[in-house]
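Residue strings, one per chain:
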Amino acid sequence: MTLPLAAWFQGLGAIDPAPFFVLSLLPYLAFLWWARQVRAFPRLALRGFQLTLLFVAVTIAAAVVAQQVYGRQLADVDPLHGGAEAFLTLSNLVVLLGFRLLPSEPPAAGSAGTQVNKS
């Protein structure tokens, strides 16, 4: 006897995640656009968030190589998987440094630091 919930989870597991992955890029790109417009957003942190897109590209390339060369999923080919994950670590470190290097005092009220960059 199969429980209705178990059948629902099995059906959920059969859904192709690729369209959801592509759709998830849209709000992330909107976030990057917004962060670029805000002058108070740390430039180094923005670069880190942009590097996350490089991580995505490297991961996709590594997954293709893992499948074509080794006939396995990326998670099963440790050197490729570790190399791809290194880009995520790099982007996370750049984001961290970008926010860590912020001045400890917030900008004064009405200063240019909180305005939107019009360029």
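Everything discussed here concerns the structure shown above.
Just so it is clear, the model here is predicted, and its values are computed rather than measured.

Details of helix α3 (residues 43-70)
Because each turn of an α-helix spans 3.6 residues, side chains separated by three or four positions end up pointing in the same direction.
Link 1 in the chain: Spanning 28 residues, α3 covers 39 Å between terminal C-alpha atoms, matching the ideal 40 Å at 1.5 Å per step.
Link 2 in the chain: Residues Ala45, Leu46, Gly48, Phe49, Thr52, Phe55, Val56, Ala62 and Ala66 constitute the buried set of α3.
Link 3 in the chain: Tucked into the core, α3 has its buried residues touching α2 (18-37) and α4 (78-100).
Link 4 in the chain: Phi turns positive one or two residues past the end of α3, at Gly71, with a value near 65 degrees.

Overview of the side chain of Thr52
Link 1 in the chain: With respect to the helices and strands, the residue Thr52 is situated in helix α3.
Link 2 in the chain: Within the structure, Thr52 has its side chain in polar contact with the side chain of Ser91 (distance 3.5 Å).
Link 3 in the chain: Discounting chain neighbours no more than four positions away, the residues touching Thr52 are Tyr28 and Ser91.

Concerning the nonpolar core
Link 1 in the chain: With 8 residues, the main nonpolar core is built from Leu32, Ala35, Val38, Phe41, Ala45, Leu46, Phe49 and Val95.
Link 2 in the chain: Counting residues per element, this core draws most heavily on α3, at 3 residues.
Link 3 in the chain: Discounting chain neighbours no more than four positions away, the residues touching Phe49 are Tyr28, Phe31, Leu32, Phe41, Val95 and Phe99.
Link 4 in the chain: Core analysis: the next-biggest nonpolar cluster, separate from the first, contains 5 residues, Ala62, Ala66, Leu74 and Val77 among them.

Let's talk about the packing of aromatic side chains
Link 1 in the chain: Evaluation of the coordinates by the stated rule reveals 9 aromatic pairs.
Link 2 in the chain: When the centroid spacing of 5.0 Å and the interplanar angle of 85 degrees are considered together, the rings of Phe31 and Phe49 count as edge-to-face. Taken together, the residues Phe31 in helix α2 and Phe49 in helix α3 connect sequence positions 18 residues apart.
Link 3 in the chain: With a centroid separation of 6.0 Å and 80 degrees between ring planes, the pair formed by Trp34 and Phe41 is classed as edge-to-face.
Link 4 in the chain: What makes Trp34 partly exposed here is its relative accessible area of 43%.
Link 5 in the chain: Site record: aromatic cluster; members linked through ring pairs are Tyr28, Phe31, Trp34, Phe41, Phe49 and Phe99.

The rules behind these values
Residues numbered from 1 in each chain as written. Predicted model: local features only at pLDDT ≥ 70, side-chain atom pairs only at ≥ 80, totals over all residues. Heavy atoms only, no water. Helix = DSSP H or I, 4+ residues; strand = E, 2+ residues; numbered from the N terminus. Expected span 1.5 Å × (residues − 1). Buried < 20%, exposed > 50% of the residue type's maximum accessible area, 1.4 Å probe, protein only. Contact = heavy atoms within 4.5 Å. Polar contact = N/O pair within 3.5 Å; in protein donor to acceptor, adjacent residues only side chain to side chain. Core = buried A, V, L, I, M, F, W, Y, C linked by side-chain atoms within 4.5 Å. Phe/Tyr/Trp six-rings, centres within 6.5 Å; stacked < 30°, edge-to-face > 60°.

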